[in-house]
Amino acid sequence: MTLHSNRIQLPRNMIENSMFEEEPDVVDLAKEPCLHPLEPDEVEYEPRSSRLLVRGLGEHEMDDDEQDYESSAKLLGMSFMNRSSGLRNSMSVYRQNPNGSCSVPSTRTMVVCTVVLVIAVSLIIYLLPKCTFTKEGCHKKNHTMELIYPLASNGKVFPWAKIRLPPDVVPLHYDLVLQPNLTTLKFAGSVKIVVNIIQVTQKIVLHSSGLNITKATITSAEVRETKPAEFLEYPLHDQIAVMAPEALLVGQNYTVSIEYSSNLSDTYYGFYKISYKDENSKQRWFAATQFEPLAARSAFPCFDEPAFKATFLIKIERDEKLSTLSNMPKKATTPVTDGIVQDEFFVSLKMSTYLVAFVVADLENITRETNGSLVSVYAIPQHVNQVGYALNTAVKLLEFYQKYFLMNYPLEKLDLVAIPDFQSGAMENWGLITFRETTLLFDSNTSSAMDKKLITAVIAHELAHQWFGNLVTMEWWNDLWLNEGFATLMEYFAMEEIFPELHSDEDFLNLIFKAMTKDSLNSSHPVSSAVQSSEQIEEMFDALSYIKGASLLLMLKQYLTKDVFQAGIEVYLRNHNYGSAQSDDLWDSMNEITNGTLDVKKLMKTWILHKGFPLVTVVRKGKIISVQQEKFLYHVETENWTSDASYLWHIPLTYITSSCNFTHCTNAYLLDQKSAVIELPEEVEWIKFNVDMNGYYVVHYAEDWKTLTDLLKNNHTALSPKDRANLINNIFRLSSLGKESLEKAFELIGYLKKESSTAPLTQALFQLSLIYSLLEKNSEQQLAARVMHRIEHLFGDKIDQQRWTDDGTLSERELRSTLLTFACTHNVRNCRTTATEMFEKWMKSNGTRSLPSDVMKAIFTAGAKSSDGWEFLLKMYCSSVSEAEKSKMIEALASTEDVRKMIWLMQNSLEGEVIRAQELSHIIATVSQSLPGYLLAWDFVKENWKKLTRKFHLGSYTIQNIISWSTSQFATKAHLLEVKSFFESKSEESSQLRYVKEAIETIQLNIQWMERNLAKLQELL
């Protein structure tokens, strides 16, 4: 899946939220002890969210918010104490006389007391050996479970207590029949699931969410006798249990048949409805699916975990005027009733439920065949003239991947579909990839160089998933990075190989900087993290799973060499195709190729099982280079701060020197100790580590920062553009950490007037903009103006040199777009005057005059500053058929300084009428960048929290993004307290979410940065 990023143009697609936190980007869990299903006689407790039934203890006595796994044991003990306290009070064996002495108990009392004692001892003996309470739950040997299970919705005991499904039944095949009705906006369905029994059981537990189940039966493959089955529902875990009338036998196949109905969802999950206007402005309905990670269960009852792979036969009824699409090619269409037909699709390959997909809509397409597969791109009729670029790109990428993986794409068709309202950037459903319209449709008149790059990147990402994720799938969501990190790596690698003119490596560099900002916080998480709850799973779709995962693979690829890495991938895909894998399976495949020369597993486990990254300090004395590693971590005063200073990474260091600074001169050294010494063959003038930023670490050059600053000043092209951007990023990062001064960082970028490459220019503009934004939002306008003056001093000539056209290489066009949008937003030089003139001419032509696509956003941003311009832009937004143009318009509309207009935009987008809800996080991100808007955005989030989390889900990438943008520029203790209090007031669950901790930590760091740097900036500027 591609996460959709809010691309505020500062710099190219990659603005971070604050000094310390990035907006989670595209580029999209902490699993509690149960990484693997436990034995059936073990019970795992979910005391935070589930009401457990304790035999002898009423359900109402259980505290819903109990956090302690041992609470069940405590409550059980309390129940016995409470029940026996009455006995102790009324039947005390010794009675105290008024004089204080004790009377001898009567014989009757002694007898009763003995009986009570025997009963109590019997209860203890009966209960305690059977269940030892630990943090993992109740573990027993050779005893049946008698203690704790949750209650089903009908009040009966539900026979399963874990979030993960039991391992005793596995699905083999699904027959799914759906009857969606785009008039009533409801659907009916029936599913027949062939299951195989692994362990004798009388229950089949599977997932179902929000489905109205009307009937369930079980049929034995042996006897072929269908029997009605009782079913129980436990909505808290989205589970149902189909209870067999008799034991289900090991090795036997059974068919579970379930009939149900539901509404088409009005969120972005499951089987959901979309309203759009056709070319005649008539309202039409479109139904599509988004199942990753946990929403297949809301379209049909299923075993909704990635490792439960099965085959699927899908049949869908539709109006004969509409089309249906699914993962597989259509096999047959048969009439059902007047005007209604049923489409049947071929049986799928073995796959996970989250990859199942179907679409019911009025669609048109264009098609091309390649290597035995039919590639088609679909869109609603008024957009079909914008799908040509996507088709050409998809065919090229599909051919490239088949050659690289030495494995053909296994399906006969590949459909790419533009969905009018879609939360993510795209979704890799096998054979039916769904896209947001802006990530698939290219309009030659209004799509910019950046738009072309975005579309290419998203298609490359999703096609890579057809192998990484679809053919070989992570076993559980803790290893989501195996899917997303690989797809992200392949996305940029494929683009470099096939579309070198797009300079995608510069984007990847920016994304790595961004992921490191998130990863430097204490609230970060390891790439491979234990996860269990739905919120934890959804939170895994972040910059670390995608970008850090890809960055670690890139570092490994560079260290192993590209041929060894490619051979390891081939082994991995061959060994695990149509199956599931864990991280170790990938390292084992690589080790098959390295054959003992390097233990890849040992090296990579130091990176994926630990959060954060190393800071490598380099000290040069003659020919001797001393290197030392420590953890890079911002220190915040907090009770939750954790230190692991002793942690060691195995770091594949790379370096170049003044004696030879070409790529083929790159040297490598594996630092697997706290410190080491590298001896060079000769003394050198300078040394630069982490060549082209191919390693996931920050370098501190101690005394050598002056040498590198002089090198940039006198001969900056001695280093590559990526190395120059890397130095700029590292020195500003070290200044935030307190290891280097801001003065030295400003000295390093003093050379920028000579710079012409996009990567270092955008990185420097980005770092300075963060400082400007933080000062401006925290009542330091005078100092902020001085920062803007410094930016104008460094970039003014570059801004003046930009032409208001679409000429030049793609990299030059991208830089033009970045610089002019920035200049028009902040009124630098005469940008706004030129842009306003162009906007007024466009407005006078009633929007018919052609505008250069690369500077369109800058022109719209300037035009939207006036009330008339804003109103006209909104009118054009509502009538435009180009999604690329609309995307630029919405950002310009949100950059207004009129508070009422900001509120209207955010409210309207949440309602999804004039402006789609998919744009909301984009709008909030833009509003939060302006001085009048940054407090407004946070107020909007607070007031609409319930609606937001219903529409987008609590753990979703969109909510992560919204919280990140709306809080990341706060830098006062009052705001810190307000954000903390808000989330604490919502629920304990909310306050424990990772992105909430990240937001709080970011504000703390902003406060710290302001305290540390305000006085220094006054001197510097």
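Fair warning: this is a prediction, and the values are worked out from it, not measured in the lab.

## Brief notes about the overall build of the protein
Of the regular secondary structure elements, the protein holds 29 helices and 35 strands. On the protein, roughly 38,400 Å² of surface is accessible, and the fraction owed to carbon and sulfur atoms is 50%.

## Points about empty space enclosed by the protein
The space that makes up the second largest cavity amounts to roughly 160 Å³. What lines the second largest cavity is a set of 14 residues, and nearest its centre among them are Met1, Tyr269, Gln423, Ser424 and Tyr957. Considered class by class, the residues forming the lining of the second largest cavity number 7 nonpolar, 5 polar and 2 charged.

## A word on the sheet that holds strand β30 (residues 624-631)
Here 4 strands make up an open sheet; going across it, the order is β33-β30-β29-β35 and the pairing mixed. What marks the edges here is a single partner per strand, and that holds for β33 (675-679) and β35 (698-700). Between one strand axis and the next, the sheet turns by 25° as a mean value, whatever way the strands run. Sheet topology places strand β29 (residues 614-621) next to β30; 8 bridges connect them, and they run antiparallel. Bridging across to β30, Thr617 finds its partner in Gln628. Contacting β29 and β35, helix α13 (residues 721-737) crosses the sheet at an angle of about 75° to β35.

## Details of the nonpolar core
Judged by nonpolar contacts, the single largest core of 314 residues is most densely connected at Phe300, Tyr401, Phe689 and Phe795. Not counting the four nearest positions on each side in its chain, Tyr401 is found in contact with Ala460, Leu463, Ala464, Trp467, Met490, Glu491 and Ala494.

## Describing the pattern of salt bridges
On inspection of all chains with the given rule, the structure shows 39 salt bridges. With a closest N to O distance of 3.1 Å, Asp710 and Lys706 form a salt bridge. Highlighted residues: Asp710 and Lys706, both in helix α12 (residues 705-715), separated by 4 residues, approximately one helical turn. The exposure class of Asp710 is partly exposed, given its relative accessible area of 27%.

## A look at the packing of aromatic side chains
Inspection of every chain in the model, using the stated rule, returns 52 aromatic pairs. Look at Tyr401 and Phe405: their rings are 5.6 Å apart centre to centre, the planes differ by 10°, and that puts the pair in the stacked class. In this pair, Tyr401 and Phe405 are both assigned in helix α3 (residues 388-405), 4 residues apart and thus about one turn of the helix distant. The buried category is assigned to Phe405, whose relative accessible area is 1%. Three or more aromatic residues joined by ring pairs form one cluster here, namely Phe400, Tyr401, Tyr404, Phe405, Tyr409, Trp467, Phe468, Phe486, Phe493, Phe565 and Tyr572. One Lys or Arg, Lys901, reaches over the ring of Trp870 and ends 5.3 Å from the middle of that ring. Its end group placed over the ring of Tyr268, Lys951 keeps NZ or CZ at 4.9 Å from the ring centre.

## Some remarks on the environment of Glu812
Its place among the elements puts Glu812 in helix α17 (residues 810-826). Put simply, Glu812 and Ser756 are 56 residues apart on the chain and 9.1 Å apart in space, counted from C-alpha to C-alpha.

## Here we look at the sheet that holds strand β26 (residues 432-436)
Read across the sheet, 5 strands follow the order β22-β23-β24-β26-β25 without closing on themselves; strand pairing throughout is mixed. The sheet terminates laterally at β22 (364-370) and β25 (426-427), the two strands that pair on one side only. Pairing of β25 with β26 involves 2 bridges; the strand directions are antiparallel. What sits directly across from Met427, in β26, is Thr434. Where α3 meets the sheet, it contacts β22, β23 (373-379) and β24 (413-419), and its direction lies at approximately 25° from that of β22. Against the sheet, helix α4 (residues 449-465) makes contact with β24, β25 and β26, and its axis sits at roughly 150° relative to β26, the strand it touches most.

## So, the environment of Ala718
Turning to its location among the elements, Ala718 is positioned in the loop between α12 and α13. The exposure class of Ala718 is buried, given its relative accessible area of 11%. As a C-alpha pair, Ala718 and Thr657 span 61 residues in sequence and 9.8 Å in three-dimensional space.

## Looking at the state of the cysteines
If you walk through the whole model with that rule in mind, you get 2 disulfides. A sulfur-sulfur distance of 1.6 Å marks the disulfide that ties Cys660 to Cys665. Here Cys824 engages in a disulfide with Cys831; their sulfurs sit 2.2 Å apart. In this structure the cystine formed by Cys824 and Cys831 twists about its S-S bond by roughly -85°; its chirality is therefore left-handed. Residue class for Cys831 comes out buried when judged on its relative accessible area of 2%.

## A few points about the pairing of β23
For a regular strand, side-chain orientation follows a simple rule: the groups alternate between the two sheet faces. The element β23 is largely enclosed, with a buried count of 6 among its 7 residues. Across 7 bridges, β22 lies against β23 in antiparallel orientation. Within β23, the residue paired with Glu369 across the bridge is Leu374. Joining the antiparallel neighbours β22 and β23 is a turn of 2 residues, in which Asn371 adopts a positive phi near 50°. Of the strand pairs in this sheet, β23 and β24 are connected by 5 bridges, and their pairing is parallel. By the bridge assignment for β24, Val375 is matched with Leu414. Regarding topology, α3 serves as the crossover connection from β23 to the parallel β24, and that connection is left-handed.

Reading the values: rules and limits
Residues numbered from 1 in each chain as written. Predicted model: local features only at pLDDT ≥ 70, side-chain atom pairs only at ≥ 80, totals over all residues. Heavy atoms only, no water. Helix = DSSP H or I, 4+ residues; strand = E, 2+ residues; numbered from the N terminus. Areas by Shrake-Rupley, 256 points an atom, 1.4 Å probe, with all protein chains shown as cover. 1 Å grid on protein atoms, 1.4 Å probe; cavity = no way out; pocket = protein on both sides within 12 Å on 5 of 7 lines; lining within 4 Å. Points joined across faces, edges and corners; volume = space filled by probe spheres on them. Nonpolar A, V, L, I, M, F, W, Y, C, P; charged D, E, K, R; others polar. Pairing = 2+ DSSP bridges. Axes fitted to C-alpha atoms, helices over the stretch in contact; angles between N-to-C directions. Contact = heavy atoms within 4.5 Å. Core = buried A, V, L, I, M, F, W, Y, C linked by side-chain atoms within 4.5 Å. Buried < 20%, exposed > 50% of the residue type's maximum accessible area, 1.4 Å probe, protein only. Salt bridge = Lys/Arg side-chain N within 4 Å of Asp/Glu carboxyl O. Phe/Tyr/Trp six-rings, centres within 6.5 Å; stacked < 30°, edge-to-face > 60°. Lys NZ or Arg CZ within 6 Å of the ring centre and 35° of its normal. Disulfide = S-S within 2.5 Å. Right-handed = clockwise from strand over helix to strand, strands pointing away.

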